[in-house]
Amino acid sequence: MPEFITLFLILNNFIRLILLHIMNETGFIPWSNEYRLNWSDFKAESNPAKFEDSHSVIKYGFTWIVNSEKLNDVIVFSIDNIQLSVEFQPLLSWVRSSEANNTLLKHEQGHFDLAEMIKRNHQNIFESKLTCQVFPTRGQNDAQRKQFAKEDSGKMIANEVDKLTKILSNKREEYDVETNFGKNLEMQLKYDQLFKNL
């Protein structure tokens, strides 16, 4: 049994190092089942004008593949393999050091988990709007049309990500009110149980 625990700790530290490397390269921490936020991840100065004791900035990122082809003498494009990611932004996230405690940290982790849950719940809807379809492109020649296909497909995905971000904003506000920023332990526990299923 001690060998299992040692192996678990080694793997856990290895995964943590990989995620920290990704953060150093990209400036954000991607959501992962294996990583839990620490107060050291909150690198911005606290905001004295805000009511809240901590604030986590979480954004959705995306990658995709755009294919362009000639269909009936018209260049069209399609979108494939949309990959959404949930990204914690350490340089924009903060905590009042006098208020940093495990209960509040768990609440902030909940914001991160909530974003992942919303992403998963909307992934199929998101993809059905944009994949398995062809879209017209613009431009004077093939090279321009391919460039515009990349640009236009990115804008289309960004518009859908904006909608997802608005949903997240509303759900985060609801989460803060229902849990009283983590101080309502009974409601916080209900959310924690929900997030365990991720």
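The structure under discussion appears in the preceding block.
The rules we used
- Residues numbered from 1 in each chain as written.
- Predicted model: local features only at pLDDT ≥ 70, side-chain atom pairs only at ≥ 80, totals over all residues.
- Heavy atoms only, no water.
- Helix = DSSP H or I, 4+ residues; strand = E, 2+ residues; numbered from the N terminus.
- Buried < 20%, exposed > 50% of the residue type's maximum accessible area, 1.4 Å probe, protein only.
- Contact = heavy atoms within 4.5 Å.
- Axes fitted to C-alpha atoms, helices over the stretch in contact; angles between N-to-C directions.
- Left-handed = near helix turned anticlockwise from the far one by under 90°.
- Nonpolar A, V, L, I, M, F, W, Y, C, P; charged D, E, K, R; others polar.
- Salt bridge = Lys/Arg side-chain N within 4 Å of Asp/Glu carboxyl O.

A. Seen up close, the side chain of D152. Among the secondary structure elements, D152 is positioned in helix α3 (residues 142-179). Residue D152 is classed as buried on the basis of its relative accessible area, which comes to 14%. Every residue in contact with D152, bar those within four places of it in the chain, is listed here: F77 and R138.

B. A look at the packing of helix α2 (residues 102-130) against α3. Running from N to C, α2 and α3 cross one another at 145 degrees; their axes reach a closest spacing of 9 Å. As α2 runs across α3, the sense of the crossing is right-handed. Counted by class, the contact of α2 with α3 contains twelve nonpolar, five polar and seven charged residues.

C. Up close: the pattern of salt bridges. Under the criterion given, the structure shown has ten salt bridges. Across the salt bridge formed by R120 and E116, the nearest N and O atoms sit 2.8 Å from each other. Here E116 and R120 lie together in helix α2, a separation of four residues that amounts to about one turn. With a relative accessible area of 5%, E116 lands in the buried category. Here E151 makes a salt bridge to R138, at a shortest N to O gap of 3.4 Å. Of this pair, E151 sits in helix α3 while R138 sits in the loop between β6 (135-136) and α3, placing them 13 residues apart in sequence.

As far as function goes, none of this settles anything; it's purely spatial.
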